[in-house]
Amino acid sequence: MKDEPQAAQEQNPAPAAGESVWASEQVWAGERWTVDGIEDTPTGRMARIELPSGNTVDILLSSLPEGVQEGDILGIQDGPDGAVAHILRKETQARRREAGAELEALNARGAEKADAEGEITL
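Residues numbered from 1 in each chain as written. Predicted model: local features only at pLDDT ≥ 70, side-chain atom pairs only at ≥ 80, totals over all residues. Heavy atoms only, no water.

**Side note on the overall build of the protein chain**
- Counting its secondary structure elements, the protein chain contains one helix and five strands.
- Along the protein chain, helices (α) and strands (β) appear in the sequence β-β-β-β-β-α when read from the amino end.
- The buried share among the 122 residues of the protein chain stands at 24%.
- Summarising the internal contacts of the protein chain: among those between residues at least 6 apart in sequence, 36% fall at separations of at least 24.
- Here the protein chain displays about 8,600 Å² of accessible surface, and carbon together with sulfur accounts for 51% of that area. (Helix = DSSP H or I, 4+ residues; strand = E, 2+ residues; numbered from the N terminus. Buried < 20%, exposed > 50% of the residue type's maximum accessible area, 1.4 Å probe, protein only. Contact = heavy atoms within 4.5 Å. Areas by Shrake-Rupley, 256 points an atom, 1.4 Å probe, with all protein chains shown as cover.)

**Let's talk about the confidence of the model for the protein chain**
- Chain-level statistics for the protein chain give a pLDDT mean of 77 and a share of 67% at 70 or above.
- Across the protein chain, element-level confidence peaks in strand β2 (residues 44-50) with a mean pLDDT of 96 and bottoms out in helix α1 (residues 89-112) with 86. (pLDDT = per-residue confidence, 0-100.)

**Some thoughts on the nonpolar core**
- Residues W33, V35, A47, I49, L64, V68 and L74 are the most contacted members of the largest nonpolar core, which totals 14 residues.
- The biggest single contributor to this core is strand β1 (residues 31-41), with three residues.
- Apart from residues no more than four positions distant in its own chain, A47 is found in contact with V35, G37, I38, V57, D58, I59, L61 and L64. (Core = buried A, V, L, I, M, F, W, Y, C linked by side-chain atoms within 4.5 Å.)

**With respect to the pairing of strand β3 (residues 56-60)**
- Bridging between β2 and β3 involves five bridges; their strand directions are antiparallel. Following the sheet pairing, I49 is matched in β3 by V57.
- Taken together, β2 and the strand that follows it, β3, pair antiparallel across an intervening segment of five residues, in which G54 is found at a positive phi of about 95 degrees. (Pairing = 2+ DSSP bridges.)

**Concerning the pattern of salt bridges**
- As enumerated under the stated definition, the model contains five salt bridges in all.
- Between R32 and E91 there is a salt bridge whose closest N-O contact spans 2.7 Å. Residue R32 is found in strand β1, and its partner E91 is found in helix α1; the two are separated by 59 residues along the sequence.
- Judged by relative accessible area, R32 falls into the partly exposed class, the value being 27%.
- According to the relative accessible area criterion, E91 is partly exposed, its value standing at 27%.
- One salt bridge in this structure joins R96 and D72, with 3.3 Å as the shortest N-O distance. Residue R96 is located in helix α1, and its partner D72 is located in the loop between β3 and β4 (73-79); the two are separated by 24 residues in the primary sequence. (Salt bridge = Lys/Arg side-chain N within 4 Å of Asp/Glu carboxyl O.)

In structure tokens:
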């Protein structure tokens with residue numbers, strides 16, 4: 001399931017003492033997961049995660065970084081105590097901008113097909 005890194009220097013190093021993992025400016029070379037949704041369940045708040053394969057899994061929200069939101073991209077790093085997730089904020093922001101631009105383009109095309117009353121014929 002895990003992508004192997006191209007070279008050791010491409011992996012994000014563990015943060016130095018006092019350094020925030022979220023502030024990393026490096027390009028993430030490891031596996032990425034997408035937070036597809038967050039839901040309340042009888043067993044607690046769960047995050048539905050889309051894996052690189054396209055499959056989804058549910059993970060307890062409390063096991064993910066604080067402040068994680070729907071649409072966030074998570075970088076996954078193996079550690080001595082298991083996998084650790086980091087929010088990749090710049091990638092998340094870039095993906096949100098791309099999605100917004102695509103939505104605007106779709107809306108613009110839909111508006112071109114509307115008649116004088118705003119009705120769209122499919």
